[in-house]
Structure formats: C-alpha cells, structure tokens
Amino acid sequence: MLNQEMNVNKFIRLLAVTALAIPPAFADKPELVSGQVVKVDAGRGKVTLKHGPIKSIDMAAMTMPFKVSDASMLQAVKPCDRVRFSVAMVQDELVITQLDVANSNKAKP
Ligand SMILES: [Cu+2]
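Residues numbered from 1 in each chain as written. Predicted model: local features only at pLDDT ≥ 70, side-chain atom pairs only at ≥ 80, totals over all residues.

## A word on unusual backbone geometry
Here the phi dihedral of Cys-80 falls at roughly 85 degrees; this positive angle occurs in a residue that is not glycine. By secondary structure assignment, the location of Cys-80 is in the loop between β3 (62–68) and β4 (82–90). If you check the backbone angles, Gln-91 has positive phi at about 50 degrees while not being a glycine. One can find Gln-91 in the loop between β4 and β5 (93–101). (Helix = DSSP H or I, 4+ residues; strand = E, 2+ residues; numbered from the N terminus.)

Structure representation (structure tokens):
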C-alpha cells in the first residue's frame with residue numbers, strides 16, 4: 001500500500017535524524033563501564049584502570065590511565081578494587097566523572 005510505504009520511509013528518516021542528533025557519548029545516561037584499579041596517582045589526579053569495552057566512545061578493553069574530574073574521587077579506591085565508572089570528553093581529554101567501587105562480585109550491572 002502506498003500509504004504504508006510512505007510511513008515506513010518517514011520512520012526510517014526519523015530514525016536516521018534521531019541517530020545523528022544524539023551521539024551515544026552524549027546520551028542522557030552516562031554509560032557505566034566495569035574496570036579494575038591498577039594504580040592510583042592522587043597527586044596528579046589520575047587512576048590507571050584495566051577497563052572493559054567502552055561502547056559510547058568506541059574503545060576496546062585495555063589498561064590505561066584516566067584523569068578524574070575530582071581528585072577526591074581517588075580516596076575511595078585502591079589497587080585491585082573492582083570499579084564501575086563513567087567517562088566524558090572534557091576539552092579533548094577523557095575524564096572519569098563517576099567512580100564507584102564494586103568489589104562485590106554479585107554487583108549487578
Ligand atoms: Cu581505554
């Protein structure tokens with residue numbers, strides 16, 4: 001039916017526009033990523049994490065240092081802690097904006 005076809009086309013166009021308008025990295029809810037603390041560098045406001053894939057920024061699992069948005073976040077973590085965290089791009093730099101200890105293996109995602 002012609003009418004239905006038009007609706008489908010409209011729907012597809014709407015999907016395309018929506019996908020462009022809301023890149024995953026800027027979606028309302030920040031993605032929570034699982035990781036494990038390797039090293040804490042409170043003096044420089046950095047933490048090295050072995051992290052799982054970060055879909056919102058298309059990053060594979062790896063171990064790397066992150067800056068934290070607030071150095072006081074580092075007081076709650078120590079090496080070997082399992083954590084869940086969110087990252088954001090701040091002035092071209094990847095910054096951890098949320099960092100929660102998740103030592104219980106029963107913690108739900
Ligand atoms: Cu990484």
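## Quick look at the environment of Cys-80
By the C-beta count within 10 Å, which is 9 here, Cys-80 ends up exposed. Sequence separation of Cys-80 and Gly-35 is 45 residues, and the distance between their C-alpha atoms is 9.6 Å. (Buried ≥ 20, exposed ≤ 12 C-beta atoms within 10 Å, placed from the backbone.)

## Some details on the sheet that holds β4
Strand order in this closed barrel of 5 strands is β1-β2-β3-β5-β4, and the pairing throughout is mixed. Within this sheet the neighbouring strands show an average axis-to-axis angle of 55 degrees, counted without direction. Note: strand β2 (residues 46–51) against β3, 6 bridges, orientation antiparallel. Directly across from Lys-46, in β3, lies its bridge partner Lys-67. (Pairing = 2+ DSSP bridges. Axes fitted to C-alpha atoms, helices over the stretch in contact; angles between N-to-C directions.)

## Remarks on the confidence of the model for the protein chain
Overall, the predicted model of the protein chain reaches an average pLDDT of 84, with 71% of residues at or above 70. Mean pLDDT across the elements of the protein chain bottoms out in helix α1 (residues 2–21) (63) and peaks in β2 (98). (pLDDT = per-residue confidence, 0-100.)

## With respect to the pairing of β5
Bridge count between β3 and β5: 2 bridges; the pairing is parallel. Pairing of Lys-67 across the sheet is with Val-95, part of β5. Summarising the sheet, β4 and β5 pair through 8 bridges and their orientation is antiparallel. The residue of β5 that forms the bridge with Ser-86 is Gln-98. Where β4 folds back on β5, the antiparallel hairpin that results is connected by 2 residues, among which Gln-91 adopts a positive phi of roughly 50 degrees.

## Considering the nonpolar core
A general feature of soluble globular proteins is that nonpolar side chains tend to end up buried together. Core analysis: the largest hydrophobic core is formed by 13 residues, its most contacted members being Val-47, Val-77, Val-83, Phe-85, Ile-96 and Leu-99. For this core, the secondary structure elements donating two or more residues are β1 (33–41), β2, β4 and β5. Looking at which element gives the most residues to this core, the answer is β4, with 3 residues. Residues within four places of Ile-96 in sequence aside, it is in contact with Val-47, Phe-66, Lys-67, Val-68, Ser-69, Phe-85 and Val-87. (Core = buried A, V, L, I, M, F, W, Y, C linked by C-beta atoms within 7 Å. Contact = placed C-beta atoms within 7 Å.)

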